[in-house]
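Observations on the model geometry
One letter stands for each residue in the lines below.
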Amino acid sequence: MLQQLATSTAPYKIYREWAQTLGPIIELSPNNSGKVYMLGTLKVTLDLFDKRSLDFSSRPRFPMAELLGRHENVGFSYYNERLKSSRMLLSRSLSPHAVQQWEELVQNDVNALLLKMRHDPSQLWPSLQQAIQSFFMRLTYGEDPGPEYYRLIKTSQAYTGAALRPGRWLVNKYPILKLVPAWLPGASFQRWAREGKALYETLTHEPFLKVKERMSAGIAELSFVRNCLQLRHSGDVKCDERLALTTAGSILNAASETTSSAMLTLIHALAADERLQARAYEEIKTAVGAERLPSLNDRSQLPFINALLLEVLRFNPPIPILTHSNTKHTEYGGVTIPNASTVYANVWSILHDESHYQQPGAFIPERFLGDMPALDPRKVVFGVGRRACPGRHIAEALLFTYATRLIALFSVETDEKLEFDTEFNGLVSTPKPFPVNVIPRSSSSQLWDLVSR
Ligand code: HEM
């Protein structure tokens, strides 16, 4: 998703303050691609992004990102037929029903991560981030390409970040400059974009071609790409090879930072509140016992864990601001939103709105229990309308499996009084590092044999 907001601080908190005096739709200063609005409440967000989703499902235009080829990436794509086909491919592999096919991968990868945490607890942060990247690469291509690939992904992300930086590129202001040939003096931006695009092409082509080779040899493991190519051959979904390639190439970036952020918020909550952790552990011990590891089938028996995960998503929504653009001139509540405006929705503000949540700044899973549970954060945290996150079911499955097994096997502790602080890179809000120890529970020794199998 494209974002053109200040980074490092938490601008969504500032926009929330503004909305309290200026109202639920604020017009911000215009950017290169036209007018900019910030939606601040659940009602306006649903009225525009959901009820009028046909008109509000595009993304703002960034010519520099186009030069890098990013408009083919699902999250950046404008609303068009190709996007719909990409989303169809994603849905075929990631719908609630289809998610079952990844259960073994989820369990094995969560176990591998827990073993790593046991052997080297000091490396919790990098272990977690690497394990999540590796999981999504294996889901997408059936194989983990190794550390060099992730290093290059970081470089490619830096190109994307730079392409979106406000005010950095004249071509974002004057799209006609896209046509300037690279050899002209002053066209160094074209050469820079060419390098960035070539790197991105390599990163999406190589693993894709490997799946094709393994399929020809009849040895391809289950993967998103294998599923896409099988659907293409059966004629079941209208899809050319380029579409399968670019859709697959959209998964890692969209999936890994968001999911890592939620897992880190969970670890923070467990470390910060012993009482909460004890209640979660008791629930698992009672419902699952000490002889087997929790699995997705236990979901309905673990209401407190489910509430805990909802509170994780509410307390620190991984994507605190949605970025849409409209394809139709709109009048709403006395405000005129011209065609092709950038329209942000402040998810963080909705999830910290006192009219939905008492004491919104406190971490209280119990708010989702009982006869009158608070508003389910999934109404907005995975997006709204036709651009809502296609990966939400696998994200929830991974989070549930990780949370239950972590709590069953470890006591998460800290020696300090923890504050919660985040880093916002313009798209994802991630908890800043905090001191934490993960100590294997002596009462769970039997379970470790199952994890190592
Ligand atoms: C806790 C984890 C996650 C959260 C909170 C999250 C949240 C979001 C949000 C808010 C959006 C934008 C929706 C909008 O514009 O209205 C989005 C888009 C997207 N997400 Fe996720 N996501 C998560 C995990 C995943 C995973 C695991 C995958 C893939 C396996 C994924 C794939 C995508 C893709 C491809 C898009 C772009 C969709 C489009 O533009 O049409 N996400 N996600």
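Cut-offs and rules
Residues numbered from 1 in each chain as written. Predicted model: local features only at pLDDT ≥ 70, side-chain atom pairs only at ≥ 80, totals over all residues. Heavy atoms only, no water. UniProt positions renumbered as here; feature names shortened; annotations may be inferred. Helix = DSSP H or I, 4+ residues; strand = E, 2+ residues; numbered from the N terminus. Rg over C-alpha atoms; globule rule 2.2 N^0.38 Å. Buried < 20%, exposed > 50% of the residue type's maximum accessible area, 1.4 Å probe, protein only. Contact = heavy atoms within 4.5 Å. Areas by Shrake-Rupley, 256 points an atom, 1.4 Å probe, with all protein chains shown as cover. Near = heavy atom within 4 Å. Nonpolar A, V, L, I, M, F, W, Y, C, P; charged D, E, K, R; others polar. Axes fitted to C-alpha atoms, helices over the stretch in contact; angles between N-to-C directions. Parallel < 35°, antiparallel > 145°, perpendicular 65-115°, else oblique. Phe/Tyr/Trp six-rings, centres within 6.5 Å; stacked < 30°, edge-to-face > 60°. Lys NZ or Arg CZ within 6 Å of the ring centre and 35° of its normal. Donors = N, O, S within 2.8 Å, 3.2 Å for Na, K, Ca; no water. Pairing = 2+ DSSP bridges. Left-handed = near helix turned anticlockwise from the far one by under 90°. Disulfide = S-S within 2.5 Å.

Taking an unreviewed UniProt entry as the reference, the chain is identified by name as Cytochrome P450 belonging to Hohenbuehelia grisea. In its Subcellular location (unreviewed entry) section, the UniProt entry covering the chain states "Membrane". Here is the UniProt Cofactor (unreviewed entry) comment for the chain, exactly as written: "heme".

**Observations regarding the overall build of the chain**
Summing up its helical and strand segments, the chain has 17 helices and ten strands in all. Rg of the C-alpha trace for the chain: 22 Å, near the compact-globule value of 22 Å for 453 residues, within the 12% margin. Counting only C-alpha atoms and orienting by the principal axes, one finds that the chain spans roughly 70 × 60 × 40 Å. Here the chain, with 453 residues, has 55% of them falling under the buried criterion. The contacts of the chain with a sequence gap of at least 6 include a subset with a gap of at least 24, amounting to 74%. For the chain, the accessible area works out to roughly 20,300 Å², and carbon and sulfur atoms hold 53% of it.

**Regarding the site of the ligand**
Taken together, 26 residues lie around the ligand, and R59, R87, H324, R387 and C389 are the ones closest in. Listed by contribution, the elements that provide at least two residues to the shell around the ligand are α4 (81-94), α12 (251-272), β3 (321-325) and α16 (392-409). Of the residues forming the shell around the ligand, the biggest block, five residues, is contributed by α12. Residues that form the shell around the ligand fall into these classes: 17 nonpolar, six polar and three charged.

**Quick look at the packing of helix α13 (residues 274-288) against helix α14 (residues 303-315)**
Angle between the axes and distance between the axes are the two parameters that describe a pair of packed helices. Their axes nearest at 8 Å, the elements α13 and α14 cross at an angle of 140 degrees. With respect to each other, α13 and α14 are oriented oblique. Of the residues in α14, those in contact with L276, R279, A280, E283 and I284 of α13 are P303, F304, I305 and L308. Of the residues contributing to the contact of α13 with α14, the split by class is seven nonpolar, no polar and two charged.

**Some words on the packing of aromatic side chains**
In the structure shown here, the tally under the stated rule is eleven aromatic pairs. Ring centres of Y12 and F424 lie 5.4 Å apart, and the angle between their planes is 90 degrees; on these two criteria the pair is classed as edge-to-face. Within this pair, whereas Y12 is found in helix α1 (residues 11-22), its partner F424 is found in strand β8 (residues 422-424), the two being separated by 412 residues in sequence. Comparing Y12 with F424 shows no difference in burial state: the two are buried. An aromatic cluster is present here, built from Y12, W348 and F424 joined pairwise through their rings. Its end group placed over the ring of Y200, R70 keeps NZ or CZ at 4.2 Å from the ring centre. Cation over ring: R314 sits above Y357, and NZ or CZ is 5.1 Å from the ring centre.

**A look at the side chain of S77**
Of note, S77 is situated in the loop between α3 (63-67) and α4. With residues up to four places along the chain from it excluded, the contact list for S77 reads R59, H71, L83 and R387.

**With respect to the coordination of the iron atom of the ligand**
Donation to the iron atom of the ligand from the protein comes from one atom only, C389 (SG), at 2.3 Å. With respect to the element layout, C389 can be found in the loop between α15 (347-351) and α16.

**Some words on the sheet that holds strand β2 (residues 34-39)**
Strand order across the open sheet formed by four strands is β1-β2-β6-β3, with mixed pairing between neighbours. Strands at the two margins of the open sheet, each flanked by one partner only, are β1 (25-31) and β3. Mean inter-strand twist for the sheet, computed between neighbouring axes without regard to direction, equals 25 degrees. Sheet analysis places β3 next to strand β6 (residues 342-346), joined by five bridges and oriented antiparallel. Its bridge partner lying in β6, L322 is registered against A345.

**Some details on the packing of α4 against helix α11 (residues 241-248)**
Their axes nearest at 10 Å, the elements α4 and α11 cross at an angle of 70 degrees. The orientation of α4 relative to α11 falls into the category roughly perpendicular. The two elements α4 and α11 cross, and the hand of that crossing is right-handed. Contacts between α4 and α11 involve R82, S85, S86, L89 and L90 from the first element and R242, L243, A244 and T247 from the second.

**Considerations on the state of the cysteines**
All told, the structure shown has zero disulfides when counted by the stated rule. C228 carries a free sulfur, and the closest cysteine sulfur to it, the one in C239, is 5.9 Å from it.

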